[in-house]
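Here is how the chains run, residue by residue.
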2 protein chains.
Amino acid sequence: MTNKAITIIDIAKILGVSKSTVSRALKDHPDISNATKEAVQMMAKQLKYKPNAVAMSLRHKKSKVIGLIVPTLSPFFFPSVIHGIENEVNKRGYNLMILQSNESYEREVLNVDILQSNNVEGILVSISRKTENLSHFTALIEDNTPIVFFDRIPKSIQADMVLVDDISGAFNAVEHLISIGKRKIAICLGNPNLLISSNRLSGYKKALKKHSIEINEEFIITGQSSEEAENETKRLLELTNPPDAILAISDLTMSGIMKALYAAKIKIPEDIAVIGFCEDTFSQMYNPPVSTIDPMGIEIGKIAAERLFQRIHENNILEPKTINLSSRLIIRDSTKV
Amino acid sequence: MTNKAITIIDIAKILGVSKSTVSRALKDHPDISNATKEAVQMMAKQLKYKPNAVAMSLRHKKSKVIGLIVPTLSPFFFPSVIHGIENEVNKRGYNLMILQSNESYEREVLNVDILQSNNVEGILVSISRKTENLSHFTALIEDNTPIVFFDRIPKSIQADMVLVDDISGAFNAVEHLISIGKRKIAICLGNPNLLISSNRLSGYKKALKKHSIEINEEFIITGQSSEEAENETKRLLELTNPPDAILAISDLTMSGIMKALYAAKIKIPEDIAVIGFCEDTFSQMYNPPVSTIDPMGIEIGKIAAERLFQRIHENNILEPKTINLSSRLIIRDSTKV
């Protein structure tokens, strides 16, 4: 250990308390008990912790590295976001270090540690499905590390957020289907625990209500995998009164829906029109190419990175804000009647 | 700098020589001139470089992190490889740190530095298109860092390599097309500088020769983007004697080929049969689903990671070997007559 600077992380580990407790104890914060303060300060002394010299110089050493934590690198969505981030990062002469949480809270906490020990200048995060305790992020914020959340954002934390307005995206998609004469509109949702599912469903319902179309619970299906979406779509087609349009919540569900429609030799869009939240690359692979509400991956990445660099350049003294992007509707043959 | 160990990288930077020169100079290697040796040894003394104490202790500290350098995270191929790697890395309680070279030699060199300074226990690399000078890798090998190359491998370096046998993959695809009665077989190549292009082309030619089918240069087209593949396919269709089958070298070219075939309302496989080196997820998105020579992304990742852990556990004293995987042919409706 002699060659490496002691950090608050080391002290926190030895004492079995959180980093933010150590940080606050060292700053004599009123929320921390005197007993804890004494323990932390004794340990800091014993380990020769040097906040002003070593840690500060470390922090001010420009690593020129931005850290990124994503839940997954599956081919859909996040590669686009990373592309948008990298354009910004590279043109400023920085490098990007990517870590996956694999939807695990424990791994996400570990990822934060790795990025800190690598002295990154700022962090971009899309949180895992399992993350509820946010102390690994609040500690970063208290430690004055620039951080921007995007897409999968935590609730109840004061920080920058970059998002797409999913409610209006789904709303516009459904209005578009209505405008081409469809009234029996189904929706295929993905993971029900994700905010995008509930937001897109609420946009769907809002549009139906506006046009006085009754909500048919049979038309609301869920496909957490391509196979599940395929099977659920087959079930839809067997209804006595099947839908005349389907809204797919993601690329994954779209691929299952299209397989089921191909197999049943459904005419698209005459019999059933199709629209989804799909990446451009993939929506054009189908026959016919499918209309899409652009999930704006590249833009999200670009804007999150720009905001992060703004924080870095202005020494992180900016009021947190939420940036809500409007998504574009791209009309292709699957909804052209 | 007082709190951070001086490394050979620091000495190399100050003197403007390579890391491997510094490493060899410190070991009194006969290839290094006496003048260089003196300069390096003086600088090492001046900076208080401690190879045996500090560097070794750093090296032996288990970071439980594996570094990965890929040329790109574009949705095709590498996400599968990463998936295969992560399964192995995670089940051993390790974490994966991913860096992209973005097909830049300079960025790849920087990535190696970042991984070293993060004290990774081993490195997996698929090299950039631009990489010719390999000294950043030879220095790693001389420094006894476990390393395994996969897919895009360097020539002329003694190290572990994991590859798919592309020649036999293309050969088998063409033989399959011949077996269903096709004789006018086209191939759409990608980037001509990549080894996969020349290997797959040579497998294609080998199969045609074996079956005494003359090679028609008009049938060998190149699509470095989906659009280029689409336009080149349109050109093929306008030939007085168009092909009756097409072999696509990648997902990207396949998407362009299929767009052109859809637009021309070609019957697949009756008029033109289609086969490609495509990821499973994508090959099933087309109508009809396309036959594929599995690019084996997950397997490549799995085997490369297994080999790396073998190196780590056996203290890196293994003879370098090349592992050549045979790819599978998956037959779907695009070649079922």
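From a predicted model like this one, the values you see are computed outputs, not experimental measurements.

Reading the values: rules and limits
- Residues numbered from 1 in each chain as written.
- Chains lettered and ligands numbered in written order.
- Predicted model: local features only at pLDDT ≥ 70, side-chain atom pairs only at ≥ 80, totals over all residues.
- Heavy atoms only, no water.
- Patch = residues over 30% accessible without salt bridge, like charges linked within 9 Å, V, L, I, M, F, W, Y side chains within 5 Å.
- Areas by Shrake-Rupley, 256 points an atom, 1.4 Å probe, with all protein chains shown as cover.
- Salt bridge = Lys/Arg side-chain N within 4 Å of Asp/Glu carboxyl O.
- Helix = DSSP H or I, 4+ residues; strand = E, 2+ residues; numbered from the N terminus.
- Buried < 20%, exposed > 50% of the residue type's maximum accessible area, 1.4 Å probe, protein only.
- Least-squares fit on C-alpha atoms with pLDDT ≥ 70 in both.
- Contact = heavy atoms within 4.5 Å.
- Axes fitted to C-alpha atoms, helices over the stretch in contact; angles between N-to-C directions.
- Parallel < 35°, antiparallel > 145°, perpendicular 65-115°, else oblique.
- Left-handed = near helix turned anticlockwise from the far one by under 90°.
- Pairing = 2+ DSSP bridges.
- Polar contact = N/O pair within 3.5 Å; in protein donor to acceptor, adjacent residues only side chain to side chain.
- Buried area = accessible area lost by both parts, 1.4 Å probe.
- Domains from an automatic or database assignment.
- Nonpolar A, V, L, I, M, F, W, Y, C, P; charged D, E, K, R; others polar.
- Phe/Tyr/Trp six-rings, centres within 6.5 Å; stacked < 30°, edge-to-face > 60°.
- Lys NZ or Arg CZ within 6 Å of the ring centre and 35° of its normal.

(A) View of a nonpolar patch on the surface. Residues and elements named next belong to chain B. A grouping of Ile-14, Leu-15 and Val-17 is seen on the molecular surface, where their side chains present a nonpolar patch of about 210 Å² in accessible area. By secondary structure assignment, the location of Val-17 is in the loop between helix H1 (8-15) and helix H2 (19-26). By relative accessible area, Val-17 is classed as partly exposed at 30%.

(B) The relation of the copies chain B and chain A, seen in detail. With an RMSD of 0.3 Å, the operation that places chain B on chain A is a rotation of 180° combined with a shift of 0.0 Å along the axis. What the superposition gives is, in effect, a two-fold axis relating one chain to the other. Of the interface residues in chain B, 100% have counterparts in chain A that sit at the interface too, so the contact is made through matching surfaces.

(C) View of the packing of helix H1 (residues 8-15) of chain A against helix H3 (residues 34-46) of chain A. Residues and elements named next belong to chain A. Packing of H1 against H3 brings their axes to within 10 Å, and their N-to-C directions diverge by 120°. If you check the angle between H1 and H3, you find them oblique. Judged by the sense of rotation from one axis to the other, the crossing of H1 with H3 is right-handed. Along its contact with H1, which presents Ile-11, Ile-14 and Leu-15, the element H3 presents Ala-39, Val-40, Met-43 and Ala-44.

(D) Inspection of the sheet that holds strand S7 (residues 220-222) of chain B at higher detail. Residue and element names in this part refer to chain B. Strand order in this open sheet of six strands is S7-S6-S8-S9-S10-S12, and the pairing throughout is mixed. Strands with a single pairing partner mark the edges of an open sheet, and in this sheet they are S7 and strand S12 (329-330). In this structure, strand S6 (residues 185-189) lies alongside strand S8 (residues 245-248), joined through four bridges in parallel fashion. Each bridged residue has a counterpart across the sheet, and for Cys-188 the counterpart in S8 is Ala-248. Helix H9 (residues 195-210) rests against S6, S7 and S8 of the sheet, and its axis sits at about 170° to S6.

(E) Molecular detail of the side chain of Ser-334 of chain A. Residue and element names in this part refer to chain A. Looking at where Ser-334 falls in the secondary structure, it is placed in the segment after strand S12 (329-330). Residue classification places Ser-334 among the buried residues on the basis of a relative accessible area of 0%. A polar side-chain atom of Ser-334 sits 2.8 Å from the main-chain amide nitrogen of Ser-291.

(F) Summary view of the interface of chain B and chain A. The partner chain A presents 38 residues to the 38 residues of chain B that form the contact. Both faces combined, the contact of chain B with chain A buries some 3400 Å², and carbon together with sulfur accounts for 54% of it. Joining chain B to chain A, the criterion identifies zero salt bridges. Where chain B packs against chain A, one counts 15 residue pairs in polar contact (both at pLDDT 80 or more). Secondary structure elements with two or more residues in the side of chain B that touches chain A: helix H4 (51-60), helix H5 (78-91), strand S2 (95-100), helix H6 (105-117), helix H11 (251-263) and helix H12 (280-283) of chain B. Ranked by residues supplied to the side of chain B that touches chain A, first place goes to S2 of chain B with six residues.

(G) Layout of the pattern of salt bridges. All names here are of chain A. In the structure shown here, the tally under the stated rule is 35 salt bridges over all chains. With a closest N to O distance of 3.3 Å, Lys-91 and Glu-88 form a salt bridge. Highlighted residues: Lys-91 and Glu-88, both in helix H5 (residues 78-91), separated by three residues, approximately one helical turn. When its relative accessible area of 3% is taken as the criterion, Glu-88 is described as buried. Overlapping salt bridges, with partners in common, bring together Glu-88, Lys-91, Arg-92, Lys-302 and Glu-306 in one network.

(H) Spotlight on the domain arrangement of chain A. All names here are of chain A. The assigned domain composition of chain A is domain 1 (8-51), domain 2 (62-164 + 297-326) and domain 3 (166-295 + 329-335). The distance between the C-alpha centroids of domain 2 and domain 3 comes to 30 Å. On the domain 3 side, the residues contacting the nine residues of domain 2 number eight residues. Summing both sides of the interface, domain 2 and domain 3 together bury roughly 970 Å²; the carbon and sulfur share of this comes to 58%. On the domain 2 side of the contact with domain 3, Phe-76, Arg-129 and Val-164 bury the most area, a combined 54% of that side's loss. Between the two partners, domain 2 and domain 3, sit zero salt bridges. Applying the counting criterion to the domain 2 and domain 3 interface returns three residue pairs in polar contact (both at pLDDT 80 or more). Classifying every residue of the side of domain 2 that touches domain 3 by side-chain character gives five nonpolar, two polar and two charged.

(I) Expanded view of the packing of aromatic side chains. The final tally for this structure, using the stated rule, is 13 aromatic pairs over all chains. Ring centres of Phe-77 of chain B and Phe-78 of chain B lie 5.0 Å apart, and the angle between their planes is 70°; on these two criteria the pair is classed as edge-to-face. Residues Phe-77 of chain B and Phe-78 of chain B agree in their burial class; the two are buried. With centroids separated by 5.1 Å and ring planes inclined at 90°, the aromatic side chains of Phe-137 of chain B and Phe-149 of chain B adopt a geometry described as edge-to-face. Residue Phe-137 of chain B is located in helix H7 (residues 135-142), and its partner Phe-149 of chain B is located in strand S4 (residues 147-150); the two are separated by 12 residues in the primary sequence. Just as Phe-137 of chain B is buried, Phe-149 of chain B falls in that class too. The lysine or arginine in question, Lys-206 of chain A, covers the ring of Phe-171 of chain A, its NZ or CZ lying 5.4 Å from the ring centre. The ring centre of Phe-277 of chain B lies 3.7 Å from the NZ or CZ of Arg-200 of chain B, which sits over that ring.

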